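Here is what each chain is made of, one letter per residue.
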Amino acid sequence: MPPGPSGASGAASQERCYGIIQLINFAHGEVVMIGAMVAFSVIVALAGSGVPPLFIVVLGVMVAIPVCMGVGYAVERIAYRP
């Protein structure tokens, strides 16, 4: 996608978020990367254990979800509403 439309799409999304909660949050990428690293760590830890690969991936995602929720909550409480 060319830079113009992608930039406009990002700006529109930030405008909608700001209009609803009166706060622009740019920390989504960091939370997603923390979740990816948690899932990756779980997958690597269980890779040689003989557990079926699909179960390992699902378990990695299921562990990453509450971690991301906790990080998001912590960012909200520490940075935005101390």
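This is a predicted model, so every value here is computed, not measured. (Residues numbered from 1 in each chain as written. Predicted model: local features only at pLDDT ≥ 70, side-chain atom pairs only at ≥ 80, totals over all residues. Heavy atoms only, no water.)

**What about the overall build of the chain?**
1) Next: Scanning the chain for helices and strands turns up three helices and zero strands.
2) Next: Going from the N terminus to the C terminus, the chain shows its helices and strands as α-α-α.
3) Next: Within the span of the chain, comprising 82 residues, buried residues form 11% of the whole. (Helix = DSSP H or I, 4+ residues; strand = E, 2+ residues; numbered from the N terminus. Buried < 20%, exposed > 50% of the residue type's maximum accessible area, 1.4 Å probe, protein only.)

**Notes on the environment of Val42**
1) Next: Position of Val42 relative to the elements: it lies in helix α2 (residues 28–46).
2) Next: Taking the C-alpha atoms as reference points, Val42 and Ala64, separated by 22 residues in sequence, lie 8.8 Å from one another.
3) Next: The contacts of Val42, once residues within four sequence positions are left out, are Leu59, Gly60 and Val63. (Contact = heavy atoms within 4.5 Å.)

**Side note on helix α3 (residues 53–80)**
In an α-helix, one full turn covers 3.6 residues, which means residues spaced three or four apart are oriented alike.
1) Next: End to end, α3 covers 39 Å across 28 residues, agreeing with the expected 40 Å (1.5 Å per residue, within 8%).
2) Next: Regarding α3, the residues found buried are Ile56, Gly60 and Ala64.
3) Next: On the buried face of α3, the contacting elements are α2. (Expected span 1.5 Å × (residues − 1).)

**Describing α2**
1) Next: When the terminal C-alpha atoms of α2 are compared, their 27 Å separation across 19 residues agrees well with the 27 Å that a helix rising 1.5 Å per residue should span.
2) Next: Residues of α2 that are buried: Val31, Gly35, Val38, Ala39 and Val42. Along α2, the residues classed as buried sweep out an arc of 95° about the axis, all on the same side. Among the exposed residues of α2, those oriented more than 90 degrees off its buried face are Met33 and Phe40.
3) Next: Packing partners of the buried residues in α2 comprise α3. (Arc of directions from axis to C-beta.)

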